[in-house]
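A look at the structure
So the chains spell out like this:
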Amino acid sequence: MKLDNCNKILEDFSTLVRDKKSNDYKGRLKVGVDLGTANIVLSVLDEENRPIAGATYPSTVVKDGIVVDYIGATRVVRMLKEQVEDMLGTKLTYAATAIPPGITEGNTKVIANVVESADLEVVNIVDEPTAAAEVLGITDGAVVDVGGGTTGISILKDGEVIFTADEATGGTHMTLVLAGFLKKSFEEAEEYKKDKKNENDVFTIVKPVVQKMASIVKKYIQGYDVDKIYVVGGACCFDEFATVFKKEINVDVVKPIEPLLVTPLGIAMNCNV
């Protein structure tokens with residue numbers, strides 16, 4: 001889909017999540033569960049990939065793509081599932097979920113088990129950057145998913161993923177730098193970072209982290225024919241993020257609105273029964 005259409009869908013989904021509302025629907029529902037480091041997101045689409053409902057919860061049950069609190073993760077997914085079911089007036093029975101690039105088979109099974117422990121049958125597991133690429137409607141270029149604990153990089157050619165990598169850098173590292181600079185606890189720094197009115201001050205402090213992320217991406221795309229990079233994930237929400245990336249890598253950088261919600265929508269799009 002064109003970026004304008006992508007942004008409209010993201011905006012619609014964001015409004016549904018924020019207002020805790022749902023759209024009318026007909027036919028089968030497609031459900032996605034995104035177990036992120038900073039947020040767990042449950043997304044629901046109809047057969048035409050139109051946003052129907054969703055819910056999100058800030059969480060610390062996943063670290064660097066690995067579930068570190070199985071019971072807590074299951075509890076959050078179940079809570080989000082029940083919340084959305086109440087809105088829709090129907091039961092959700094199956095879902096797709098996603099993994100960061102490069103995690104082990106054992107960790108993949110744990111992520112699937114969390115979703116199934118919340119009474120959702122897992123019908124598909126997709127890697128996160130590939131899910132994001134489906135929402136963006138791209139067949140060529142690089143998708144960089146900047147999450148809380150990790151940054152995933154996927155390079156696509158003619159609709160196929162030809163390279164993936166995952167680096168332990170993301171929003172958590174920004175918060176650690178911020179906490180050290182402001183002499184605050186991690187939790188206090190995280191709250192300060194998320195407050196939009198502090199964005200200019202925060203970005204000045206964490207800019208070196210973003211530049212480091214960009215240098216990592218630049219290293220990985222060398223040798224590949226990449227003329228455009230798409231950045232998604234909650235940690236790239238800063239207004240100047242794409243500008244810094246472009247300056248460091250010297251490649252066109254595109255950031256959709258609501259970048260946190262791109263991957264969750266892509267996961268639901270892959271819920272094929």
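Residues numbered from 1 in each chain as written. Predicted model: local features only at pLDDT ≥ 70, side-chain atom pairs only at ≥ 80, totals over all residues. Heavy atoms only, no water.

With that settled, the discussion passes to the overall build of the protein chain. Scanning the protein chain from N- to C-terminus turns up 9 helices and 12 strands. Relative to a compact globule of 273 residues, whose C-alpha radius of gyration would be 19 Å, the protein chain shows 18 Å and is just as compact. The C-alpha extent of the protein chain, read off along each of the three principal axes, is 45 × 45 × 35 Å. Out of the 273 residues belonging to the protein chain, those deemed buried represent 53%. In the protein chain, once contacts between residues fewer than 6 apart in sequence are set aside, the share between residues at least 24 apart is 65%. Charge-centre separation for the protein chain: the mean point of 30 positive side chains lies 4 Å from the mean point of 41 negative side chains. (Helix = DSSP H or I, 4+ residues; strand = E, 2+ residues; numbered from the N terminus. Rg over C-alpha atoms; globule rule 2.2 N^0.38 Å. Buried < 20%, exposed > 50% of the residue type's maximum accessible area, 1.4 Å probe, protein only. Contact = heavy atoms within 4.5 Å. Lys, Arg positive; Asp, Glu negative; His and termini not counted. Charge placed at Lys NZ, Arg CZ, Asp CG, Glu CD.)

One open sheet holds the 5 strands; their spatial order is S3-S2-S1-S6-S7, and the pairing between them is mixed. Whereas interior strands pair on both sides, the edge strands pair on one side only; in this sheet they are strand S3 (51-58) and strand S7 (121-127). Taking each pair of neighbouring strands and ignoring which way they run, the sheet shows an average axis angle of 20°. Sheet strands touched by helix H9 (residues 262-269): strand S1 (30-35), strand S2 (39-45), strand S6 (94-99) and S7. Its angle to S1, the strand with the most contacts, is close to 135°. (Pairing = 2+ DSSP bridges. Axes fitted to C-alpha atoms, helices over the stretch in contact; angles between N-to-C directions.)

Before going further, it helps to examine the environment of Gly 170. With respect to the helices, strands and loops of the structure, Gly 170 is situated in the loop between strand S10 (160-167) and helix H5 (171-182). On a C-alpha basis, the gap between Gly 170 and Ala 235 in space is 6.3 Å, while along the polypeptide they are 65 residues apart. Other than its neighbours up to four places away in sequence, Gly 170 contacts Val 146, Gly 147, Gly 148, Gly 149, Thr 151, Met 213 and Ala 235.

What follows is about the sheet that holds strand S9 (residues 151-157). With respect to topology, 5 strands assemble into an open sheet ordered S10-S9-S8-S11-S12, the strand pairing being mixed. The open sheet terminates on both sides in strands that have one partner only, identified here as S10 and strand S12 (252-254). Direction aside, neighbouring strands of the sheet carry axes that sit 20° apart on average. With 7 bridges connecting them, S9 and S10 associate as antiparallel partners. Each bridged residue has a counterpart across the sheet, and for Thr 151 the counterpart in S10 is Glu 167. Strands in contact with helix H7 (residues 199-221) are strand S8 (141-146), S9, S10 and strand S11 (228-232); relative to S9, the strand with the most contacts, it is inclined by about 35°.

Keep in mind these numbers describe shape, not what the thing actually does.
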